[in-house]
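# Breakdown of the fold
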Amino acid sequence: MSYRSYPKLELHLHLEGGAPPAFIRGLAKEKGIDIHKIFDEQGGYAYRDFDHFLRVYEAACTTLQGPEDFRRLVLAVLEESASNGVIYSETFLSPDFCGGGDLEAWRDYLGAMTDAAAQAERDFGITLKGIITCIRHNGPEQAKTAARCAVETKGDFITGFGMAGAEMMGRPGDFAYSFDMAREAGLRITCHAGEWGGPDMVADTIRDLRPERIGHGINAAKDLALVDEIAEQGIVLEVCPGSNVFLNAVESWEAHPIRLLRDRGVKVTVSTDDPPFFHTTMTREYDMLAEKYGWDETDFAALNQTALEAAFCDVATRERIAKKLEAAQ
Ligand code: ADE
Ligand code: ZN
């Protein structure tokens, strides 16, 4: 049995990381860019480890050169998500890849992406919201340009601010200015932490950046006092088990701490992160949770409810998605 048609919410998806390899190959061909090295013999993305993954990811992004490319990307990614039962999705968007942080350029990219999201809603029945992310390894100064783009374009579509990239570069506090700026403008806050960093990185992120949600957060499980604090504060984890296993952030599905975190009262959700890079989909995540842990529709309904409550969307959207879930679950 497969959970493909079961309705799902996804809170942690990098837009460029959702690009099917064939889509990127097509753009490369159109533009005469040689990136054959980032693909394996089967045509999938090829990389050795997380640092190499980030470089391959950025090489793939060199083919995305204007608003029209991002319009097509949003449609391709959402068509795939919808075909896996996703009815609501939040995607990380980085001005660093869309005009390099220039606000006027960013507005053009964003216009194309919001048009595409509206079209996907009509055509595929999926709702999308955008979370602007700064990229940690590009440093705190570049992060400020991303935060400025977020503040200036906050609205119905752009609802959050976060940080992705190489977690072991710098400390969370280095980015406090950007996160404060975003929070003060009313943006909702999430941040990658505890995918590679230990419990100290998660604790510093909570203290210095005050996120409502944490991307991954799995290494918090190495410090049970911290796990209890996360549970108590109601901080939601955007857990991406397939990504963690594929990138060797954990040894195996069996060794993944999502059950421990959930059992200790932490609010957990499940997402794909960068699905084609990790040979996963939301269907596969759910199917693996069922196969490896025996999770069933009761568990999946609880995941959906947690994600719905933690979604960075307006009340009307939340109510609309709740009704859709009720009808489909
Ligand atoms: N950017 C895209 N995927 C990422 C991940 N898993 N961690 C950090 N940054 C990312
Ligand atoms: Zn991520």
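Preceding block: the structure.
Residue positions within a chain follow its written sequence, with the count starting from 1. To read the labels, note that chains go from A and ligands from 1, taken in the order they are written. Thresholds applied to this predicted model are a pLDDT of at least 70 for local features of residues and 80 or more for the giving and counting of side-chain atom pairs; totals over whole chains, interfaces and linings are not thresholded and use all residues. Calculation of side-chain values draws on the structure's entire complement of heavy atoms; hydrogens and water are dropped beforehand.

## As for unusual backbone geometry
The following threshold applies: In this description a helix means any DSSP run of H or I spanning at least four residues, a strand means any run of E spanning at least two, and both kinds are numbered starting from the N terminus. Working definition: with a 1.4 Å probe on protein chains only, accessible area under 20% of the residue-type maximum means buried, over 50% means exposed, and in between means partly exposed.
Its identity as a non-glycine residue notwithstanding, His 216 has a phi of 75°, on the positive side. When you line up the elements, His 216 lands in strand β6 (residues 213–216). Phi at His 279 takes a positive value of approximately 50°, unusual for a residue other than glycine. By secondary structure assignment, the location of His 279 is in the loop between β8 (267–270) and α11 (282–293). Relative accessible area serves as the criterion here: at 44%, His 279 is assigned to the partly exposed category.

## What about the side chain of His 216?
The condition that has to hold: Polar contacts, as used here, are pairs of N or O atoms within 3.5 Å; protein pairs need one atom able to donate a hydrogen and one able to accept it. Residues neighboring in sequence count only if both atoms are side-chain atoms. Only heavy atoms enter the contact rule, under which two residues are in contact if any of them lie within 4.5 Å.
The class for His 216 is buried, based on a relative accessible area of 0%. Among the polar contacts listed, one links the side chain of His 216 to the side chain of Glu 195, at a separation of 3.4 Å. Within the structure, the side chain of His 216 is placed 3.3 Å from the side chain of Asp 273, a separation counted as a polar contact. Setting aside anything within four residues of it in sequence, one finds His 216 in contact with His 12, His 192, Ala 193, Gly 194, Glu 195, Leu 237, Glu 238, Val 239, Cys 240, Ser 243, Asn 244 and Asp 273.

## So, the environment of Gly 44
Considering the arrangement of structural elements, one finds Gly 44 in the loop between α1 (21–31) and α2 (50–61). What makes Gly 44 buried here is its relative accessible area of 9%. Residues Gly 44 and His 12, spaced 32 residues apart in sequence, show a C-alpha to C-alpha distance of 21 Å. Leave out the neighbours within four places in its chain, and Gly 44 touches Pro 21, Ile 38 and Phe 39.

## Notes on the coordination of the zinc ion (ligand 2)
For the record, the criterion: Any N, O or S atom lying within 2.8 Å of the metal counts as a donor, with the limit raised to 3.2 Å for Na, K and Ca; because water is left out of the atom set, some sites can appear incomplete. Between 85 and 135 degrees for all angles marks four donors as tetrahedral; over 155 degrees for opposite donors together with 65 to 115 for all other angles marks four donors as square planar and six as octahedral; every other arrangement is irregular.
In this structure, His 12 (NE2), His 14 (NE2), His 192 (NE2) and Asp 273 (OD) serve as the protein donors to the zinc ion (ligand 2), at separations of 2.1 to 2.2 Å. If you look at the zinc ion (ligand 2), its four donor atoms make angles of 86 to 172° with each other, and the shape they trace is irregular. Taken in sequence order, the residues that donate to the zinc ion (ligand 2) follow the motif H-x1-H-x177-H-x80-D. Placement of His 12 in strand β1 (residues 8–14) and of Asp 273 in the loop between β8 and α11 is noted, with a sequence separation of 261 residues between them.

## Section: the packing of helix α12 (residues 297–310) against helix α13 (residues 315–328)
The condition that has to hold: Axes, fitted as lines to C-alpha atoms, cover a helix only where it is in contact. Angles between the N-to-C directions of the axes lie from 0 to 180 degrees. For classification purposes, angles smaller than 35 degrees are called roughly parallel, those larger than 145 roughly antiparallel, those between 65 and 115 roughly perpendicular, and all remaining angles oblique. Should the near helix be turned anticlockwise from the far one by less than a right angle, the crossing is termed left-handed; should it be turned clockwise, right-handed. Side-chain classes are defined by residue name, with Ala, Val, Leu, Ile, Met, Phe, Trp, Tyr, Cys and Pro counting as nonpolar, Asp, Glu, Lys and Arg as charged, and the others, Gly among them, as polar.
Put simply, α12 and α13 touch, their axes get as near as 10 Å, and they point 165° apart. The angle between α12 and α13 places the two elements in the roughly antiparallel class. Considering the relative orientation of α12 and α13, their crossing is right-handed. Where α12 abuts α13, its residues Asn 304, Leu 308, Glu 309 and Ala 310 lie against Arg 318, Ile 321, Ala 322 and Leu 325. Residue composition of the contact of α12 with α13, by class: five nonpolar, one polar and two charged.

## Thoughts on the pairing of strand β7 (residues 236–239)
Put simply, the rule is: The criterion for strand pairing is that DSSP finds at least two bridges linking the strands in question. Here is how to tell: hold the view so the strands point away, follow the path from the first strand over the helix to the second, and if it runs clockwise the crossover is right-handed.
Neither face of β7 is open: one carries Val 236 and Glu 238, the other Leu 237 and Val 239, and all of them are buried. Two elements, β6 and β7, share three bridges in a ladder whose sense is parallel. Residue pairing across strands places Ile 214 opposite Leu 237, the latter belonging to β7. Once you follow β6 into helix α8 (residues 224–233) and on to β7, the crossover reads as right-handed.

## Regarding the sheet that holds β1
Ordered by their spatial adjacency, eight strands build an open sheet running β1-β2-β3-β4-β5-β6-β7-β8, and the pairing between neighbours is parallel. Sheet topology places β1 and β8 at the edges, where each strand pairs with a single neighbour. Averaged over neighbouring strand pairs, the angle between their axes works out to 25° when direction is ignored. Where strand β4 (residues 158–164) and strand β5 (residues 188–193) come together, two bridges link them in parallel fashion. Across the sheet, the residue bridging to Phe 161 is Ile 189, located in β5. Contacting β3 (127–135) and β4, helix α5 (residues 139–153) runs over the sheet at an angle of about 150° to β3.

## Overview of the packing of aromatic side chains
The test is simple: Within 6.5 Å between ring centres, the rings of Phe, Tyr and Trp (the latter by its six-membered ring) count as paired, and their orientation is classed by plane angle as stacked under 30 degrees, edge-to-face over 60, tilted in between. The criterion for a charge sitting over a ring is simple: Lys NZ or Arg CZ within 6 Å of the ring centre, and within 35 degrees of the ring normal.
Across all of its chains, the model carries 22 aromatic pairs by this definition. Ring geometry for Phe 70 versus Tyr 109: centroids 5.4 Å apart, planes at 75°, classification edge-to-face. Here Tyr 109 lies in helix α4 (residues 103–124) and Phe 70 lies in helix α3 (residues 67–83), a separation of 39 residues in the sequence. Residue Phe 70 shares its accessibility class with Tyr 109, and that shared class is buried. On the numbers, 5.7 Å between centres and 55° between planes, the contact of Tyr 293 with Trp 295 is tilted. Taken as a pair, Tyr 293 and Trp 295 share a single burial class, namely buried. Three or more aromatic residues link up through ring pairs in this structure, and these residues are Phe 39, Tyr 45, Tyr 47, Phe 50, Phe 53, Tyr 57, Phe 97, Trp 196, Phe 246, Phe 277 and Phe 278. Lying over the aromatic face of Tyr 286, Lys 8 brings its terminal NZ or CZ to 5.4 Å of the ring centre. Across from the ring centre of Tyr 177, 4.7 Å away, lies the NZ or CZ of Lys 144, which sits over that ring.

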